[in-house]
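Below, each chain spelled out in residue letters.
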Amino acid sequence: MDTNTDVLKLWGDYSRQLQQVIQVNQEQAITLLQLKLSSNLKKLRPIKWLGVLGGIIWIGIGIAVLSFVVRTAREAGEPINYYFFLSLALQLAITAWGTALYLYHLLLIHQVQLDTPVVQTQRLLNQLQVSQLWVPRILLLQLPLWTTFYLRPEIIASFSLLGWTLQLLTMGIAVYASWWFFTHIRRENIHKKWFHSFFGTSEWPILETASEHLKNIEQLQKEENGQ
Amino acid sequence: MEELQNKFLTVLEAHKGILFKVANAYQQNQEERSDLMQEMTLQLWKSFKNYNGSVRYSTWIYRIVLNVAISYYRREQTRKKHVITKPVDFIHYITDDTNIDQEIKQRMAVLNNCIRAFNSIDRALVLLFLDDKPQAEIAQVMGISVTNVSTRLYRIRQKLAKAFQHE
């Protein structure tokens, strides 16, 4: 008997015997079915919810601060400090973009129908998982703004050579860092050590596995299209 | 609702082997396996109301349980526990498993190791092949062409035979 026939026979014998000796735990099954199936939103891990909530609160505080700045400047008849205003406004816009994208992806993942064919479902799930990389890429674009919000015309006017050097150096590093992260936080770099350190031990394994799955599915898709 | 529930439990009981074998192929740890089978059951129940008979029960069940098993890595370590928190297997042995032939058990342990060596997608194909599903049904479950199933299975069968012999 060839090995494949042997393996199939083994599996068949095991399956038949297994059917006799296992049973669904009816009591647990009924309890499980009677659980109110939580809404997709409740299934999100609390820390992810905190992240979304934190983003929304920050935006709220930021808008309140901007309104305060404008009102105060008008009441005092003074010009608005545009360095602060624009830095904060852009930072809030980036945070809003990143937070909305994060929430959108999380909701999409939980709405994927699992009774659709495996390859299509897994491709969508894993693509959504990996596309969450867009969120840190976007959020880190704000780094340079953290080197400009404190500037004021009078501070700039009084800058010494050292002051200018430090300011430009800080801004330059922030711009470079934000550009570097934007171009390097990509699926292709998931296996690198710095990526692992950056994303930590909870997110990185999920991203790495999603990326592996996508590779396998893309290979399958290539074979499918090649026929 | 109770009628639907009873119908679902009947279907589940008839196909319990699929859940058990798929969970066993994707999770070696007993507690994870038990949790995986609970998740499979929940997802099956969620989709059961929309089941329209356009595919066979086995095809429908395989799609869902394989999708759940393959995606299981995404479940957070601090996942929300359901009400059932006892470390009891959701699908359990009604007698102990000494009623399964010892030699079969030993050889199955070897075969399961060989199965787990495949990547998640090919593992699904292996399970469907071992359950003697026709290639047309495998194609329906996986969402790929019959030709692709045939090509993949040819390679998988060779790899599986080699691994099993080697072990």
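All values derive from a computational prediction rather than experimental measurement.

Draft legend 1. Representation of the interface of chain B and chain A in the model. Chain B puts 74 residues into the contact, and the matching count from chain A is 60 residues. The junction of chain B with chain A conceals about 6,600 Å² of combined surface from both sides, 62% of it contributed by carbon and sulfur atoms. Taken as a group, Asn67, Tyr73 and Arg74 of chain B account for 11% of the area that chain B buries against chain A, more than any other trio of residues on that side. Put simply, chain B and chain A have three salt bridges between them. Linking Glu223 of chain A and Arg152 of chain B is a salt bridge whose minimum nitrogen-to-oxygen distance equals 3.0 Å. Where chain B touches chain A, the interface holds 24 residue pairs in polar contact (both at pLDDT 80 or more). Element by element, the count of residues in the side of chain B that touches chain A is highest for helix 8 (residues 146-166) of chain B, at ten residues. Of the residues that constitute the side of chain B that touches chain A, the class distribution is 35 nonpolar, 23 polar and 16 charged.

Draft legend 2. Focus on helix 8 of chain B. In this model, helix 8 of chain B (21 residues) spans 30 Å end to end at C-alpha, consistent with the 30 Å of a helix rising 1.5 Å per residue. Among the residues of helix 8 of chain B, those classed as buried are Asn148, Val149, Arg152, Leu153, Ile156, Leu160, Ala161 and Phe164 of chain B.

Draft legend 3. Up close: the nonpolar core. Ranked by size, the top nonpolar core spans 72 residues in total, and within it Val22, Tyr26, Met40, Leu66 and Met142 of chain B carry the most contacts. With nine residues, the top contributor of residues to this core is helix 4 (residues 57-71) of chain B. Each residue touching Leu66 of chain B, except ones within four places of it in the same chain, is listed here: Val118 of chain A together with Val22, Tyr26, Ala124, Leu127, Leu128 and Val141 of chain B.

Draft legend 4. Main features of a nonpolar patch on the surface. Residue and element names in this part refer to chain A. On the surface, Leu50, Leu53, Ile57, Ile61 and Val65 cluster together into a nonpolar patch covering about 440 Å² of accessible area. Structurally, Leu50 is set in helix 3 (residues 46-76). Taking relative accessible area as the criterion, Leu50 reaches 57% and is therefore assigned exposed.

Draft legend 5. Looking closely at the pattern of salt bridges. In total, this model carries 13 salt bridges over all chains according to the counting rule given. Residues Glu137 of chain B and Arg56 of chain B are paired through a salt bridge, measuring 3.6 Å at the closest nitrogen-oxygen approach. Of this pair, Glu137 of chain B sits in helix 7 (residues 135-142) while Arg56 of chain B is found in the loop between helix 3 (30-48) and helix 4, placing the two residues 81 residues apart along the sequence. Each of Glu223 of chain A together with Asp122, Arg152 and Arg155 of chain B takes part in a single network of salt bridges with overlapping partners.

Draft legend 6. Seen up close, the packing of helix 5 (residues 118-131) of chain A against helix 4 of chain B. Interhelical geometry of helix 5 of chain A versus helix 4 of chain B gives an angle of 30° and a closest axis separation of 10 Å. When the interaxial angle is binned, helix 5 of chain A and helix 4 of chain B end up roughly parallel. Crossing hand, helix 5 of chain A versus helix 4 of chain B: right-handed. From helix 5 of chain A, Val118, Thr121, Gln122 and Leu125 of chain A reach across to helix 4 of chain B, where they touch Arg63, Leu66, Asn67, Ile70 and Ser71 of chain B.

Draft legend 7. Local environment of the packing of aromatic side chains. Considering all chains together, one arrives at 19 aromatic pairs over all chains under this definition. Pairing Trp134 of chain A with Phe182 of chain A gives two aromatic rings, centres 5.9 Å apart and planes at 70°, and the pair type is edge-to-face. With Trp134 of chain A in helix 6 (residues 134-139) and Phe182 of chain A in helix 8 (residues 161-184), this residue pair connects regions lying 48 residues apart in the sequence. Taking relative accessible area as the criterion, Trp134 of chain A reaches 38% and is therefore assigned partly exposed. Owing to a relative accessible area of 26%, Phe182 of chain A belongs among the partly exposed residues under this scheme. One aromatic cluster is present, built from ring pairs that chain together Trp180, Phe181, Trp194, Phe195, Phe198 and Phe199 of chain A. One residue, Arg137 of chain A, lies across the ring of Trp134 of chain A, its end atom 4.3 Å from the ring centre. The side chain of Lys49 of chain B reaches across the aromatic face of Trp45 of chain B, ending 4.9 Å from its centre.

Draft legend 8. Region of interest: the packing of helix 4 of chain B against helix 7 of chain B. Residues and elements named next belong to chain B. Running from amino to carboxyl end, helix 4 crosses helix 7 at an angle of 45°, the nearest separation of the two axes being 9 Å. With respect to helix 7, the axis of helix 4 lies oblique. As helix 4 packs across helix 7, the resulting crossing turns out to be right-handed. Mapping the contact onto sequence places Ser58, Thr59, Tyr62, Arg63 and Leu66 in helix 4 and Glu137, Gln140 and Val141 in helix 7. Here the residues of the contact of helix 4 with helix 7 sort into three nonpolar, three polar and two charged.

Conventions used here
- Residues numbered from 1 in each chain as written.
- Chains lettered and ligands numbered in written order.
- Predicted model: local features only at pLDDT ≥ 70, side-chain atom pairs only at ≥ 80, totals over all residues.
- Heavy atoms only, no water.
- Contact = heavy atoms within 4.5 Å.
- Buried area = accessible area lost by both parts, 1.4 Å probe.
- Salt bridge = Lys/Arg side-chain N within 4 Å of Asp/Glu carboxyl O.
- Polar contact = N/O pair within 3.5 Å; in protein donor to acceptor, adjacent residues only side chain to side chain.
- Helix = DSSP H or I, 4+ residues; strand = E, 2+ residues; numbered from the N terminus.
- Nonpolar A, V, L, I, M, F, W, Y, C, P; charged D, E, K, R; others polar.
- Expected span 1.5 Å × (residues − 1).
- Buried < 20%, exposed > 50% of the residue type's maximum accessible area, 1.4 Å probe, protein only.
- Core = buried A, V, L, I, M, F, W, Y, C linked by side-chain atoms within 4.5 Å.
- Patch = residues over 30% accessible without salt bridge, like charges linked within 9 Å, V, L, I, M, F, W, Y side chains within 5 Å.
- Areas by Shrake-Rupley, 256 points an atom, 1.4 Å probe, with all protein chains shown as cover.
- Axes fitted to C-alpha atoms, helices over the stretch in contact; angles between N-to-C directions.
- Parallel < 35°, antiparallel > 145°, perpendicular 65-115°, else oblique.
- Left-handed = near helix turned anticlockwise from the far one by under 90°.
- Phe/Tyr/Trp six-rings, centres within 6.5 Å; stacked < 30°, edge-to-face > 60°.
- Lys NZ or Arg CZ within 6 Å of the ring centre and 35° of its normal.

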